[in-house]
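# Breakdown of the fold
Residues per chain, in single letters:
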Amino acid sequence: MNWNFIIFSLVKIAIAIGVVQGIVMYSVLAERKISAWIQDRVGPNRTAPPFVKYIPVVGPFLTRLGVFQPLADGLKFLVKEDFTPGGVKKIYFWIAPALAVIPAMLTIAVIPFGSNIGAQKMVIADLNVGILYTFGIVSMGVYGIVLAGYAANSKYPMFGGIRSSAQMISYEISMGMSVIPVLLIVGNLNLSQIISWQSTHGWMVAYAPISFIIFMVASFAETNRTPFDLPEAETELVGGYHTEYGSMKFALFFLAEYSNMVSSSAMMVTLFFGGWTLPFWGLDHAATSFGMGIAQIFVFLAKMLFFMVVFIWVRWMFPRFRYDQLMDLGWRRFLPLALVNILITAVWLWLRS
Amino acid sequence: MAITVNRKKLTFWEKLYLPAIVGGLKVTLKHAYNTLFLGKVVTMEYPEQKWTLPTGYRGAPYLVKDQDNSTKCVSCQLCEFVCPPKAIRITPPGEHGQKADRTNAEKMPAEFEINMLRCIFCGFCQEVCPEEAIFLQKDYSLTGLSRSEMIYNKEKLLSLGGEVGGIQKWKLKLDEAKAQENFPVKL
Ligand code: SF4
Ligand code: SF4
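Residues numbered from 1 in each chain as written. Chains lettered and ligands numbered in written order. Predicted model: local features only at pLDDT ≥ 70, side-chain atom pairs only at ≥ 80, totals over all residues. Heavy atoms only, no water.

### With respect to the overall build of chain B
On a plain count of helices and strands, chain B comes out with six helices and five strands. Against the globule reference of 16 Å for 187 residues, chain B gives a C-alpha radius of gyration of 28 Å, more extended than a compact globule. By principal-axis analysis of the C-alpha atoms, chain B measures approximately 90 × 60 × 45 Å. Burial status across chain B gives 28% buried among its 187 residues. Restricting the contact set of chain B to residue pairs at least 6 apart, pairs at least 24 apart contribute 73%. Surface accessibility of chain B: about 13600 Å² in total, with carbon and sulfur atoms responsible for 58%. (Helix = DSSP H or I, 4+ residues; strand = E, 2+ residues; numbered from the N terminus. Rg over C-alpha atoms; globule rule 2.2 N^0.38 Å. Buried < 20%, exposed > 50% of the residue type's maximum accessible area, 1.4 Å probe, protein only. Contact = heavy atoms within 4.5 Å. Areas by Shrake-Rupley, 256 points an atom, 1.4 Å probe, with all protein chains shown as cover.)

### Quick word on the nonpolar core
The biggest cluster of nonpolar side chains holds 70 residues, and the ones touching the most others in it are A:I131, A:Y171, A:F215, A:F228 and A:L271. Only α1 (3-38), α5 (130-151), α6 (155-186), α7 (191-201), α9 (209-222), α11 (247-272), α12 (290-315) and α13 (323-352) of chain A provide two or more residues apiece to this core. Counting residues per element, this core draws most heavily on α12(A), at ten residues. Each of domain 1 (22-79) and domain 2 (83-352) of chain A contributes no fewer than three residues to this core. Ignoring sequence-local partners within four residues, the contact set of A:Y171 consists of A:V217, A:A218, A:A221, A:E222, A:F228, A:L326, A:L329, A:G330 and A:F334. B:Y62, B:C79, B:I134 and B:Y152 belong to the second-largest nonpolar core, a separate cluster that totals 24 residues. (Core = buried A, V, L, I, M, F, W, Y, C linked by side-chain atoms within 4.5 Å. Domains from an automatic or database assignment.)

### What about the site of ligand 2?
Lining the immediate surroundings of ligand 2 are B:C73, B:V74, B:S75, B:C76, B:Q77, B:L78, B:C79, B:I90, B:F112, B:C129, B:P130 and B:I134. Here the shell around ligand 2 is composed, by residue class, of ten nonpolar, two polar and no charged. (Near = heavy atom within 4 Å. Nonpolar A, V, L, I, M, F, W, Y, C, P; charged D, E, K, R; others polar.)

### Considerations on a nonpolar patch on the surface
Residues and elements named next belong to chain A. A contiguous nonpolar patch, built from I91, Y92, I95, Y150, M158 and I162 and spanning about 550 Å² of accessible area, is present on the exposed surface. Among the elements of the structure, α4 (90-106) and α6 are those that each provide at least two residues to the nonpolar patch. A per-element tally of the nonpolar patch places α4 first, with three residues. Relative to the elements of secondary structure, I91 occurs in helix α4. In this structure I91 comes out as exposed when scored by relative accessible area, which is 61%. (Patch = residues over 30% accessible without salt bridge, like charges linked within 9 Å, V, L, I, M, F, W, Y side chains within 5 Å. Salt bridge = Lys/Arg side-chain N within 4 Å of Asp/Glu carboxyl O.)

### Examining the domain arrangement of chain A
All names here are of chain A. Entries for chain A in the domain assignment read domain 1 (22-79) and domain 2 (83-352). Taking only C-alpha atoms, the centre of domain 1 and the centre of domain 2 are 27 Å apart. Counting residues at the interface gives twelve residues for domain 1 and 19 residues for domain 2. Both sides together, the interface formed by domain 1 and domain 2 hides about 1300 Å², and carbon and sulfur atoms give 80% of it. R315 serves as the salt-bridge partner of E31, at 3.6 Å between the closest nitrogen and oxygen. On the surface where domain 1 and domain 2 come into contact, there are two residue pairs in polar contact (both at pLDDT 80 or more). Ranked by residue count, the leading element in the side of domain 1 that touches domain 2 is α1, at nine residues. Grouping the amino acids of the side of domain 1 that touches domain 2 by side-chain chemistry returns eight nonpolar, three polar and one charged. (Buried area = accessible area lost by both parts, 1.4 Å probe. Polar contact = N/O pair within 3.5 Å; in protein donor to acceptor, adjacent residues only side chain to side chain.)

### Points about the site of ligand 1
Lining the immediate surroundings of ligand 1 are B:P61, B:C83, B:P84, B:P85, B:I88, B:C119, B:I120, B:F121, B:C122, B:G123, B:F124 and B:C125. A per-class count over the shell around ligand 1 returns eleven nonpolar, one polar and no charged.

### Remarks on the interface of chain B and chain A
Taken together, the contact between chain B and chain A spans 17 residues of the former and 15 residues of the latter. Summing the contributions of chain B and of chain A, the shared interface buries around 1500 Å²; its carbon and sulfur component is 67%. One can count two salt bridges joining chain B with chain A. Between A:R46 and B:E48 there is a salt bridge, and its shortest N-O distance comes to 3.1 Å. For the pair chain B and chain A, the interface holds seven residue pairs in polar contact (both at pLDDT 80 or more). Of the residues assigned to the side of chain B that touches chain A, the class counts are nine nonpolar, five polar and three charged.

### Considering the pairing of strand β2 (residues 88-91) of chain B
All names here are of chain B. The alternating pattern of β2 places I88 and I90 on a buried face and R89 and T91 on a face that is not buried. Two elements, β2 and strand β3 (residues 111-115), share four bridges in a ladder whose sense is antiparallel. Along β3, the bridge assignment pairs T91 with E111. (Pairing = 2+ DSSP bridges.)

### Observations concerning the side chain of A:S27
Residues and elements named next belong to chain A. By the secondary structure assignment, S27 is in helix α1. For S27, a relative accessible area of 6% gives the class buried. Once residues within four sequence positions are removed from consideration, S27 is found in contact with Y258, M308 and I312.

### Brief notes about the packing of aromatic side chains
All names here are of chain A. Counted by the stated rule, this structure contains 22 aromatic pairs over all chains. Centroid distance F212 to F273: 5.1 Å. Interplanar angle 80 degrees. Geometry classified as edge-to-face. Of this pair, F212 sits in helix α9 while F273 sits in the loop between α11 and α12, placing them 61 residues apart in sequence. Here F273 falls in the buried class, since its relative accessible area comes to 16%. With 5.4 Å between their ring centres and 80 degrees between their planes, F306 and F307 make a pair best called edge-to-face. Residue class for F306 comes out exposed when judged on its relative accessible area of 51%. The structure contains a cluster of three or more aromatic residues connected by ring pairs, namely W203, F212, F215, F272, F273, F306 and F307. The side chain of K76 reaches across the aromatic face of F77, ending 4.9 Å from its centre. A cation over an aromatic ring shows up here: K89 above the ring of Y150, its NZ or CZ 4.7 Å from the ring centre. (Phe/Tyr/Trp six-rings, centres within 6.5 Å; stacked < 30°, edge-to-face > 60°. Lys NZ or Arg CZ within 6 Å of the ring centre and 35° of its normal.)

In structure tokens:
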């Protein structure tokens, strides 16, 4: 433990959180814009601070793109009255949003978002048990939602909370099972090692496609996104677990959902799509120069944003699953599939060795 | 009696969901492409773009003037009486009040107010008016910063209303009568 390490870690944490928050903010905009495009609409195109209209060409263009919309949204959430309804269980009501958002942020810590810049590894905590850590943290996210549903002291949030706990627990199992083949193939739990294995052997998705599909579907369920957004099914549960929430506390749930999307996308990229590597332009090995390090961070971000878009895209094209279908899919399809997948991989590795 | 509807058995391929998912992604992608690059947007961006209103559209009722630029309304107060939400308030000129500013009319209203906040654009006033002095026109977005601002007085109504010359109703009646004359035109 030395000062160098502490300072660099703090800088990395600050930057990572800043970038994630930025991505979260603008993925809300992306969500609205993409949904608009898919539904033949225009989407947010009016909001702009007053000085923008004096900038020629660029100003109106940015306004039409809705670039300032997230700022306005954020401001709105901040200045709204922070209202606590009468019948709620106050302590839990206040803790729940934080419990939802903190695990969502913590997962970022082990994701290697670049190889290295200079002597610094581009990962906040290069844990040997990176994957286990992620699963541990992710499964904590459910507490925020369950607690929110319970604390609201009203039936629809309660339903939302219960659904969410059942759903998350079921899918966590398939999710955990689905990465085991990856670990078998690489033989290491460290995410950086998994990436460096992929840089020599090619992307993991080619070796474990079934794992990838299960992981992807399970991460849709884990992040409570359509088609598995049963905890917040607007049409059935008013607003789901956050019905009773408003202003910044509601915004925190929003933040948690999108941060979860960010970290799931990051995990998918890390585990199956080679993380910060690209098989060409010499980006397939750890960076030797500063520019290369930066380039690899952008490669990672680009891959991650692609999956964010997929998340959003799927949301606007898929109807919601019925609850029993959801459980059926989780327990009777994906769990056996994941087990068979582990078995096949193990046998294949054994035959090869 | 309960009726059992036999559901179609799904094939394995259909049960996989995957073909349906790919199909869905294709459809949504096509729509996104069309809106983004071909500009096939259904949204009408309202304040900049406006509807073309059909004839017979019932917007805000305004008083109209005749071809000599004089008030057509004779302050008969039929419209005030018929108005369902009581949006119209007419102050008649009284016995010694101002005379009408046109010939063959006895009087005209001293004040004529329509409260546009109350008005429901029903068109009864237009229907009932014997002088064809009030018409529902094509204004639909009336705005104001106060309630009093939304009560339109005679001056404002007249200036907004424009001119509808002559009285068409006798012509219409004549046409109707003529039509009745040779009623069974085609046998
Ligand atoms: S349109 Fe209907 S509601 Fe409006 S002033 Fe005429 S009669 Fe009254
Ligand atoms: S607008 Fe027509 S109905 Fe109303 S008072 Fe005047 S003449 Fe009579």
